[in-house]
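Reading the structure
Each chain is listed here by its residues.
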Amino acid sequence: MPADPASDSPSVTWSALREGIRDAAGLPALMLMASLVGVGGLARDIGYPMGAGVLSTILIWAAPGQMVLFGTIASGAALPAVAVAVSLSSVRFLPMTIALLPLMRRPGTPLWVLLLASHYVAITSWVHSMRVMPDMAPERRIPYFFGFANTVLIAAAIATGAGYYLIGQLPAALAAGLLLTSPLFFLVNMVAAAKQPVDWLALGFGIGLAPLAIAIVPAGLDLLVEGLVGGTMAYLIHRFLKARREKADVP
């Protein structure tokens, strides 16, 4: 069936964009702002200007990757080694991007739009989009995603700049605790998005494997390995149980 021309009208696009901005402007933006305050302080501690911290948020768009960036710079590592370390810490976003972009792809969608959208894939934008987009009209998904993602990105950039000046005024324990707000928000959203037994299996395996992955997997790759192993185990169990049910239903 051909698409309804009215569905791609500017009014629909702007409506979806505003909805994304509205949904991001509350708790998602606040959680990311709390997490990125520490990044600004870290940039200051190693002697970099405030603009470098803000730019790292805009370009890397992942607090762990930014921590790796400034941490390896502070250790005196060569720039190629810094680039490799940051890239490895961001590999975990590849399966997220592969899972999310098909929800936004429509006939005639320019490749550059999808490539641009892939830059905004981070934990907060991914888990929220995976929860709300399946029930959203396809023509609203891309503008909604850009509205949501740009809002949380701008909020995070502002928090990075503020953290550059404020982090020294916070107790060390509080500054460290702020970094946990984003992972906790992610976990709560994942629990809210879980709808099938396989989702709960994947979450259970992921949480259970976390201490082991942190202990034996190189930093930056632990989340990726943990997700691949836990997700694969959950999928295999799901397939096994499904096959058993189908076999039992055969007369």
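Residues numbered from 1 in each chain as written. Predicted model: local features only at pLDDT ≥ 70, side-chain atom pairs only at ≥ 80, totals over all residues. Heavy atoms only, no water.

Counted under the stated rule, the structure contains five aromatic pairs. Each ring, one from Tyr48 and one from Phe70, has its centre 6.1 Å from the other, and the planes form 75 degrees; the classification is edge-to-face. One end of the pair, Tyr48, is in the loop between α2 (27-45) and α3 (50-60); the other, Phe70, is in helix α4 (residues 63-74), with 22 residues separating them in the sequence. Taking the centre distance of 6.1 Å and the plane angle of 65 degrees together, the rings of Phe145 and Phe146 count as edge-to-face. Look at Phe146 and you get buried, because its relative accessible area is 15%. Chaining the aromatic ring pairs together yields one cluster made of Tyr120, Phe145 and Phe146. (Phe/Tyr/Trp six-rings, centres within 6.5 Å; stacked < 30°, edge-to-face > 60°. Helix = DSSP H or I, 4+ residues; strand = E, 2+ residues; numbered from the N terminus. Buried < 20%, exposed > 50% of the residue type's maximum accessible area, 1.4 Å probe, protein only.)

Now for a nonpolar patch on the surface. A contiguous nonpolar surface patch, about 300 Å² in accessible area, is contributed by Val225, Leu228, Val229 and Met233. For Val225, a relative accessible area of 33% corresponds to the partly exposed category. (Patch = residues over 30% accessible without salt bridge, like charges linked within 9 Å, V, L, I, M, F, W, Y side chains within 5 Å. Areas by Shrake-Rupley, 256 points an atom, 1.4 Å probe, with all protein chains shown as cover. Salt bridge = Lys/Arg side-chain N within 4 Å of Asp/Glu carboxyl O.)

Along an α-helix, residues three or four positions apart point the same way, because every turn accommodates 3.6 residues. Helix length check: helix α1 (residues 10-24) (15 residues) gives 21 Å between terminal C-alpha atoms against 21 Å at 1.5 Å per residue, within 8%. Those residues of α1 that sit buried are Val12, Ala16, Gly20 and Ala24. Seen from one end, α1 has its buried residues packed into an arc of 100 degrees, which puts them on one side. In α1, the exposed residues that point more than 90 degrees away from the buried face are Pro10, Ser11, Arg18 and Arg22. On its buried face, α1 sits against α2 and α9 (138-166). (Expected span 1.5 Å × (residues − 1). Arc of directions from axis to C-beta. Contact = heavy atoms within 4.5 Å.)

Here the focus is the pattern of salt bridges. Here the structure, examined in full by the defined rule, presents two salt bridges. We note a salt bridge from Arg140 to Glu19, for which the minimum N-O separation is 2.6 Å. Of this pair, Arg140 sits in helix α9 while Glu19 sits in helix α1; the two residues are 121 residues apart in sequence, bridging distant segments of the chain. On the basis of relative accessibility, which here comes to 17%, the residue Arg140 falls in the buried class. You can call Glu19 partly exposed: its relative accessible area is 24%. One salt bridge connects Asp23 with Arg22, and the closest N-O pair in it is separated by 3.3 Å.

By secondary structure assignment, the location of Leu17 is in helix α1. Separated by 126 residues in sequence, Leu17 and Pro143 have C-alpha atoms that sit 4.8 Å apart.

What follows deals with the packing of helix α6 (residues 93-104) against helix α7 (residues 111-119). It is the contact of α6 with α7, at a shortest axis distance of 10 Å, that shows an interaxial angle of 135 degrees. On the basis of the axis angle, α6 is oblique to α7. Of the two elements, α6 crosses α7, and the hand of that crossing is right-handed. On α7, the residues that touch Thr97, Leu101 and Met104 of α6 are Leu114, Ala117 and Ser118. (Axes fitted to C-alpha atoms, helices over the stretch in contact; angles between N-to-C directions. Parallel < 35°, antiparallel > 145°, perpendicular 65-115°, else oblique. Left-handed = near helix turned anticlockwise from the far one by under 90°.)

The next subject is the confidence of the model for the protein. Summary statistics for the protein give a mean pLDDT of 80 and a share of 81% for residues scoring 70 or more. Low pLDDT, under 50, characterises residues 1-6; the predicted model gives this stretch two contacts beyond four residues in sequence or across chains. (pLDDT = per-residue confidence, 0-100.)

Turning our attention to α2. In this model α2 runs 28 Å from its N-terminal to its C-terminal C-alpha over 19 residues, within 8% of the 27 Å that 1.5 Å per residue would give. Where α2 bends most, at Ser35, the angle is about 25 degrees. Inspection of α2 places Pro28, Ala29, Leu32, Ala34, Ser35, Leu36, Val37, Gly38, Val39, Gly40, Gly41 and Ala43 among the buried residues, and these make up the whole buried set. The first or second residue beyond α2 is Gly47, which carries a positive phi of 90 degrees. (Bend = angle between axes of the 7 residues up to and from the residue.)

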